[in-house]
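Below, each chain spelled out in residue letters.
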Amino acid sequence: RYVLTLSHLIRGYIDNGNFEKACDLIQTMKSLPKEKGFKSIDVEVSIFTLGSNAALLYYNRKGEFSKSVELIDDIIEKSKEYKNKVSKEQEILFSYNMAYAYFGLEDYKKALYYLNKVLNDNEQHLRQDIYSFSRIFNLIIHYELENYDFLEYMIKSTSRYLSKHEKDYEIEEVFVK
């Protein structure tokens with residue numbers, strides 16, 4: 001619960017632009033495995049996944065995309081170490097945040113690679129918000145890649161998808177229009 005609470009606090013600080021406090025809490029989370037009571041494998045995995053996604057989000061929101069990308073290889077390797085311990089939701093968030101980082105660096109092909117991991121996932125009921133945003137993000141990436149013929153089809157497909165799913169954000173519909 002403590003790790004999850006830290007994660008929510010970090011997200012809150014990032015969302016409110018208080019990056020200094022967010023950074024402090026990310027460092028606190030990273031130091032937890034050394035503390036008594038935080039040495040079980042499940043807690044270790046939670047610290048890794050929540051802390052790594054928080055760090056990616058932190059750098060992405062600050063516009064420090066190269067720092068975000070620097071974390072990716074380590075995250076992929078550590079994810080392989082934990083194999084089936086990393087939840088599907090955290091994997092999806094990793095892929096989305098990685099796509100966002102590469103997009104920020106204008107490496108649209110790599111951004112599309114990671115975004116396709118989200119879009120091609122077979123458990124799209126987990127995080128509807130991420131899947132909806134990913135579909136819109138997909139349109140933006142294909143626009144940047146100048147895939148205009150494919151974009152016409154994707155706009156129709158995205159519009160159908162959004163009309164069939166409950167929307168939390170009006171911007172989704174406005175953007176597609």
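Remember, it's a predicted structure, so these values are computed and weren't measured experimentally.

**Quick look at the overall build of the protein chain**
If you tally the helices and strands in the protein chain, you get nine helices and zero strands. Ordered by position in the sequence, the α and β elements of the protein chain form the string α-α-α-α-α-α-α-α-α. Rg of the C-alpha trace for the protein chain: 17 Å, near the compact-globule value of 16 Å for 177 residues, within the 12% margin. For the protein chain, the spread of C-alpha atoms along the principal axes amounts to about 55 × 30 × 30 Å. By the burial criterion, 41% of the 177 residues in the protein chain qualify as buried. Counting only contacts in the protein chain whose residues sit at least 6 apart along the sequence, the fraction spanning at least 24 positions is 60%. Surface exposure of the protein chain reaches about 10800 Å², of which carbon and sulfur atoms provide 49%. Positive and negative charge centroids in the protein chain, built from 25 and 28 side chains respectively, lie 4 Å apart.

**A short note on the nonpolar core**
Of all hydrophobic cores here, the largest spans 30 residues; its most connected members are Phe94, Met98, Leu115 and Ile141. Contributing elements (two or more residues each) for this core: helix H3 (41-62), helix H4 (65-82), helix H5 (88-104), helix H6 (108-119), helix H7 (128-144) and helix H8 (148-164). Broken down by element, the residue count for this core peaks at eight residues, all from H5. Sequence-distant contacts of isoleucine 141, that is, excluding residues within four places in its chain, are made with Phe103, Tyr108, Ala111, Leu112 and Leu115. Membership of the second largest hydrophobic core comes to 15 residues, among which are Val3, Leu6, Ile26 and Ile47.

**As for H7**
Residues three or four positions apart in an α-helix share a direction because the helix packs 3.6 residues into each turn. For H7, which comprises 17 residues, the first-to-last C-alpha distance of 24 Å matches the rise-based estimate of 24 Å (1.5 Å per residue) to within 8%. Backbone geometry just after H7 places glutamate 146 at a positive phi near 60°.

**Some points on the pattern of salt bridges**
A complete count under the given rule lists eight salt bridges for this structure. Between lysine 67 and glutamate 64 there is a salt bridge whose closest N-O contact spans 3.5 Å. Glutamate 64 sits in the partly exposed class, given a relative accessible area of 24%. Here the salt bridges share partners, and the residues they tie into one network are Arg11, Asp15 and Arg61.

Conventions and cut-offs
- Residues numbered from 1 in each chain as written.
- Predicted model: local features only at pLDDT ≥ 70, side-chain atom pairs only at ≥ 80, totals over all residues.
- Heavy atoms only, no water.
- Helix = DSSP H or I, 4+ residues; strand = E, 2+ residues; numbered from the N terminus.
- Rg over C-alpha atoms; globule rule 2.2 N^0.38 Å.
- Buried < 20%, exposed > 50% of the residue type's maximum accessible area, 1.4 Å probe, protein only.
- Contact = heavy atoms within 4.5 Å.
- Areas by Shrake-Rupley, 256 points an atom, 1.4 Å probe, with all protein chains shown as cover.
- Lys, Arg positive; Asp, Glu negative; His and termini not counted.
- Charge placed at Lys NZ, Arg CZ, Asp CG, Glu CD.
- Core = buried A, V, L, I, M, F, W, Y, C linked by side-chain atoms within 4.5 Å.
- Expected span 1.5 Å × (residues − 1).
- Salt bridge = Lys/Arg side-chain N within 4 Å of Asp/Glu carboxyl O.

That is the geometry; function is a separate question.
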